[in-house]
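Single-letter residue listing:
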Amino acid sequence: MDALATVTYAGTKKNLVESQMVADQPAINGNKVTVVLEFPRDTDPFLKSTVKAAEAAIKYQCGQDVEVTVVTEFKSKPRPAVEQLLPGVKNIIAVSSGKGGVGKSTVSANLAISLARLGYKVGLLDCDIFGPSVPKMFDIEEARPYAVKVDGRDLICPIEQYGVKVLSIGFFVSPTTATLWRGGMATSALKQLIADADWGELDYFILDTPPGTSDIHLTLLQTLPITGAVIVSTPQQVALADARKGIDMYRNEKVNVPILGLIENMAWFTPAELPENRYYIFGKEGCKQLAEEMQVPLLAQIPLVQGICDSGDAGKPAALNVDTMTGQAFINLAQAVITVVNRRNKEQPKTKIVGMK
C-alpha cells in the first residue's frame, strides 16, 4: 500500500490510495502480489500507464523478484463488444463526400429532420471532430449533454432537437478554439460518442462524416455495421473527382459498404425573385452522369438557394418548412433514401464490421 501511495493517477492528480482506487487489500502469496485497481470506466485513457506505474512501484519498493499482477475493475460497466453496439438501431447511414464545402452537413441535417417529420426515430452523429457544425445548424450550440445511468453504465444523453437525437464533439469543446488533437485522440472521442451514448431505439442513425477518406472513416467502419453510404457532391468536376474516391473507399473489397446513391447539391442556382429560373453555376448534371457511370441511383438534385444557407446559419434547417421548394426537395430525398434502404435490406446481407488493421 505504501508503494501504491507513490503512484499518481492522472485523472484525479492524487495517488492511488487517496483516489480510493485500490479496491481491496493486496493479496500476497510468497513472492506473488495481486492488486485490484478500480477505474472509473473501461475506456479510461490513463489505464495502461497507471497499471505499469503500479507494477514498477511495487517492484521498486518490495524487490525486483516480486511477481506483480494488477487486476482492473470498473465503476461503470464495461462497454459492450463491437458486435453488440447500438442493438436498438435498425439502419446506419453514412453521409460522405470526397471534398469539403459541398454541403454534406447541410444535407445530413436536413435529411435527419425530414426522416423525423415522416415519423421515423432518427439520430444524427456529427463525426467531424475538427470542424463540428451540427450544433449551430440545430441551434443548440449552448446545449450541454448530461450523463444517465443505463444498465449500470454511465452514458451520454443526446440532445433532442426537431425530433432528432443529436451528438457532436462541439458540445464539449470551445466553438472559438481550434481542436489540436492527434488522430488517436480524435478517434477515441468519436468512439465515445458512439458507444458511450444512450441512443436507444432508432430507425435511422445518420453519420455526418468529415470530408475525405481518413482514420475517422476507418474508425466508423471498424466500429459500426454501416447499412449504406450516401455520397454528396456538387456538379463541379473537381468535386466529382473526389466523390469517385469516396465511392471507391466504400466499395473496397475489405470494406464492402453498399453505395445507396448520390446527391447532387448546388445543382443549379435559383434566385428568390425568379423561382422558375435555373443557372448552372458549377456545371450541369455532373452527379447524374457520375451516378450512371458508377451504376448507383441519383437520389436528389438540391438547388443552390440562399434560403438554405440562411436557415442553416440561423439554426432552422430548410426541411422544417415543407411548403417551400427546398423543404419539399429534402422530404423527397428522405423518401428516396427510405426506398433504397428498404431495397438494400431486402436484397443484400447485413454489412459486416471491417476487421482491418
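See the structure printed just above.
So, a few notes on the structure that sits alongside this text. (Residues numbered from 1 in each chain as written. Predicted model: local features only at pLDDT ≥ 70, side-chain atom pairs only at ≥ 80, totals over all residues. Heavy atoms only, no water.)

Looking now at the overall build of the chain. The secondary structure content of the chain amounts to nine helices and 15 strands. Counting only C-alpha atoms, the chain reaches 85 × 40 × 35 Å along its principal axes. A total of 357 residues make up the chain; the buried ones form 49% of that total. Taking all contacts inside the chain whose residues are at least 6 apart in sequence as the whole, residues at least 24 apart take part in 74%. Surface summary for the chain: the accessible area is close to 17700 Å², and the carbon and sulfur share equals 50%. In the chain, the 36 positive side-chain charges and the 38 negative ones have mean positions that sit 4 Å from each other. (Helix = DSSP H or I, 4+ residues; strand = E, 2+ residues; numbered from the N terminus. Buried < 20%, exposed > 50% of the residue type's maximum accessible area, 1.4 Å probe, protein only. Contact = heavy atoms within 4.5 Å. Areas by Shrake-Rupley, 256 points an atom, 1.4 Å probe, with all protein chains shown as cover. Lys, Arg positive; Asp, Glu negative; His and termini not counted. Charge placed at Lys NZ, Arg CZ, Asp CG, Glu CD.)

Further remarks concern the side chain of Ser-19. By the secondary structure assignment, Ser-19 is in the loop between β2 (14-15) and β3 (27-29). Its relative accessible area of 14% is what places Ser-19 among the buried residues. In this view, Ser-19 contacts Tyr-9, Thr-12 and Lys-14; residues no more than four positions away in its chain are not counted.

Our next topic: the packing of aromatic side chains. Summed over the entire model, instances satisfying the criterion amount to seven aromatic pairs. The interplanar angle of 70° and the centroid separation of 6.3 Å between the aromatic rings of Trp-268 and Tyr-280 together place this pair among those described as edge-to-face. Placement of Trp-268 in strand β14 (residues 259-269) and of Tyr-280 in the loop between β14 and α7 (286-294) is noted, with a sequence separation of twelve residues between them. The class for Tyr-280 is partly exposed, based on a relative accessible area of 32%. One aromatic cluster is present, formed by Tyr-9, Phe-39 and Phe-46 through successive ring pairs. (Phe/Tyr/Trp six-rings, centres within 6.5 Å; stacked < 30°, edge-to-face > 60°.)

Moving on to unusual backbone geometry. Of note in the backbone geometry, Leu-86 takes a positive phi value of approximately 50° without being a glycine. By secondary structure assignment, the location of Leu-86 is in the loop between β5 (67-74) and β6 (89-96). The backbone phi angle of Gln-295 is positive, close to 60°, even though this residue is not glycine. Here Gln-295 is to be found in the loop between α7 and β15 (298-304).

Before going further, it helps to spend a moment on empty space enclosed by the protein. Enumeration according to the criterion identifies one cavity of 30 Å³ or more in this entry. Put simply, the largest cavity is a space of about 40 Å³. Around the largest cavity, the lining residues are Thr-106, Ala-109, Asn-110, Met-137, Ile-308, Ser-311, Gly-312, Pro-317 and Ala-318. For the lining of the largest cavity, the secondary structure elements donating two or more residues are α2 (104-117) and α8 (306-313). Residue classes in the lining of the largest cavity are distributed as five nonpolar, four polar and no charged. (1 Å grid on protein atoms, 1.4 Å probe; cavity = no way out; pocket = protein on both sides within 12 Å on 5 of 7 lines; lining within 4 Å. Points joined across faces, edges and corners; volume = space filled by probe spheres on them. Nonpolar A, V, L, I, M, F, W, Y, C, P; charged D, E, K, R; others polar.)

Of the pockets and cavities examined, the largest pocket occupies roughly 390 Å³. In terms of lining residues, the largest pocket is bounded by 19 residues, among which Val-257, Pro-258, Ile-259, Arg-344 and Gln-348 are the most central. In terms of residue count, the dominant contributor to the lining of the largest pocket is helix α9 (residues 325-347) (four residues). Considering only residue class, the lining of the largest pocket consists of ten nonpolar, three polar and six charged.

A few words now on the sheet that holds strand β4 (residues 32-39). Taken in spatial order, the three strands of this open sheet run β3-β4-β5, and their pairing is mixed. Both outer strands of the open sheet, β3 and β5, are each paired with one neighbouring strand and no more. The average angle at which neighbouring strand axes cross in this sheet is 20°, direction not considered. Both β3 and β4 contribute to a ladder of three bridges, which runs antiparallel. From the neighbouring strand, Asn-29 faces β4, where its bridge partner is Lys-32. Across the sheet, helix α1 (residues 47-62) touches β4 and β5, and the angle it forms with β5 is around 145°. (Pairing = 2+ DSSP bridges. Axes fitted to C-alpha atoms, helices over the stretch in contact; angles between N-to-C directions.)

To continue, consider α1. An α-helical turn contains 3.6 residues, so a residue and the one three or four places further along point in the same direction. For α1, built from 16 residues, the straight-helix expectation of 22 Å at 1.5 Å per residue is met to within 8% by its first-to-last C-alpha distance of 22 Å. Among the residues of α1, those classed as buried are Leu-47, Thr-50, Val-51, Ala-54, Ala-57 and Ile-58. Angularly, the buried residues of α1 cover 130° about the axis, an arc narrow enough to put them on a single face. The exposed set on the far side of α1, more than 90 degrees from its buried face, consists of Lys-48, Lys-52 and Tyr-60. For α1, the elements touching its buried residues are β1 (8-9), β4 and β5. (Expected span 1.5 Å × (residues − 1). Arc of directions from axis to C-beta.)

It is worth spelling out the pairing of β5 at this point. The sheet contact formed by β4 and β5 spans eight bridges and is parallel. Its bridge partner lying in β5, Val-33 is registered against Val-68. Remark: the β4/α1/β5 crossover connection has right-handed handedness. (Right-handed = clockwise from strand over helix to strand, strands pointing away.)

All right, on to the nonpolar core then. One finds Leu-125, Phe-138, Phe-205, Ile-206 and Leu-207 to be the most contacted residues of the largest nonpolar core, which totals 88 residues. The element best represented in this core is α9, accounting for nine residues. Ranked by size, the runner-up nonpolar core spans 19 residues in total, among them Tyr-9, Leu-16, Ile-58 and Val-70. (Core = buried A, V, L, I, M, F, W, Y, C linked by side-chain atoms within 4.5 Å.)

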